[in-house]
Each structure stands twice: as C-alpha cells, then as structure tokens.
Amino acid sequence: MSGGHFNDSGYVYYKISQFADELENELEEKKYFSEYEPEVLKIMKEALPSIRRTAKMMKEIDYYFSGDTGEESFLRRIKELD
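Only a predicted model underlies this, so the values are computations on that prediction, with no experimental measurement involved.

Would you explain the packing of helix α1 (residues 12-29) against helix α2 (residues 38-65) in this entry?
Packed helices, taken two at a time, are described by the angle between their axes plus the distance between the axes. Put simply, α1 and α2 touch, their axes get as near as 8 Å, and they point 160° apart. Put simply, α1 runs roughly antiparallel to α2. As α1 packs across α2, the resulting crossing turns out to be left-handed. Residues Val12, Tyr13, Ile16, Ser17, Phe19, Ala20, Asp21, Leu23, Glu24 and Leu27 of α1 pack against Leu41, Met44, Lys45, Leu48, Ile51, Arg52, Ala55, Met58, Lys59, Asp62 and Tyr63 of α2. For the contact of α1 with α2, a count of residues per class yields 14 nonpolar, one polar and six charged.

When you look at the pattern of salt bridges in this model, what are you seeing that I'm missing?
Pairing is possible between side chains of opposite charge, provided their charged atoms come close. In this structure the tally under the stated criterion is six salt bridges. A salt bridge links Arg52 to Asp21, with the shortest nitrogen-to-oxygen separation between them at 2.7 Å. One end of the pair, Arg52, is in helix α2; the other, Asp21, is in helix α1, and 31 residues separate them in sequence. Assessed through its relative accessible area of 35%, Asp21 is described here as partly exposed. When the shortest N-O distance is used, the salt bridge between Glu80 and Arg76 registers 3.6 Å. Taken as a pair, Glu80 and Arg76 lie in helix α3 (residues 71-80) at a separation of four residues, close to a single helical turn. The exposed category is assigned to Glu80, whose relative accessible area is 54%. Put simply, Asp21, Glu24 and Arg52 are held in one network by salt bridges that share partners.

Please clarify how α2 should be interpreted in this entry.
Because the α-helix completes a turn every 3.6 residues, residues three or four places apart line up on one side. Look at α2: 41 Å from first C-alpha to last across 28 residues, which is about the 40 Å you get at 1.5 Å a residue. When the local axis directions of α2 are compared, the greatest deviation, roughly 35°, occurs at Ala47, which is followed within four positions by the proline Pro49. What α2 keeps buried is the set Leu41, Leu48, Ile51, Ala55, Glu60, Asp62 and Tyr63. The inward-facing, buried residues of α2 contact α1 and α3. Looking at the residues trailing α2, positive phi occurs at Gly67, about 80°.

What counts and how
Residues numbered from 1 in each chain as written. Predicted model: local features only at pLDDT ≥ 70, side-chain atom pairs only at ≥ 80, totals over all residues. Heavy atoms only, no water. Axes fitted to C-alpha atoms, helices over the stretch in contact; angles between N-to-C directions. Helix = DSSP H or I, 4+ residues; strand = E, 2+ residues; numbered from the N terminus. Parallel < 35°, antiparallel > 145°, perpendicular 65-115°, else oblique. Left-handed = near helix turned anticlockwise from the far one by under 90°. Contact = heavy atoms within 4.5 Å. Nonpolar A, V, L, I, M, F, W, Y, C, P; charged D, E, K, R; others polar. Salt bridge = Lys/Arg side-chain N within 4 Å of Asp/Glu carboxyl O. Buried < 20%, exposed > 50% of the residue type's maximum accessible area, 1.4 Å probe, protein only. Expected span 1.5 Å × (residues − 1). Bend = angle between axes of the 7 residues up to and from the residue.

Written as structure tokens, this is what we have:
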C-alpha cells in the first residue's frame, strides 16, 4: 500500500503525524512550561489525539482513492479509529 492519490499534497497525512510527534516531544521536554500559561499547554496536550486521528483518517482516505484498499477495508479501518 502506498497511497498517492493526493500526491500533489505530498502525503500531508505524514506531515501532520510528524507534527503531532514533534509537538508531543516539545511538551514532554517541559522547557516551555515556564513560558506559557498552563491552560495553553493543557489545550495542546488535549489536541494531540485529534491531530493523530486526523492524520490517520487522511491516510485511509488517500489509500482508498488510490485503490490500495477497498470499501470494506476502508470502513473497517475508519471505525477502528474511534
């Protein structure tokens, strides 16, 4: 499986997933805790699952449109995201 239907976007789902990883790493380093309000950091932490879910959904849609997965697989994988 490779996706690529929306290749003009350059596998954006990968970039979003990478963004989530980098954000998580930044938050874990705690070097910003003194610079930002606790509420801001809390919102960022709470956003991580949604960001990761969005990246996974985008990947499944790309694979479906690329013909790498069929309707049944697509639906199953999307349901597994919940």
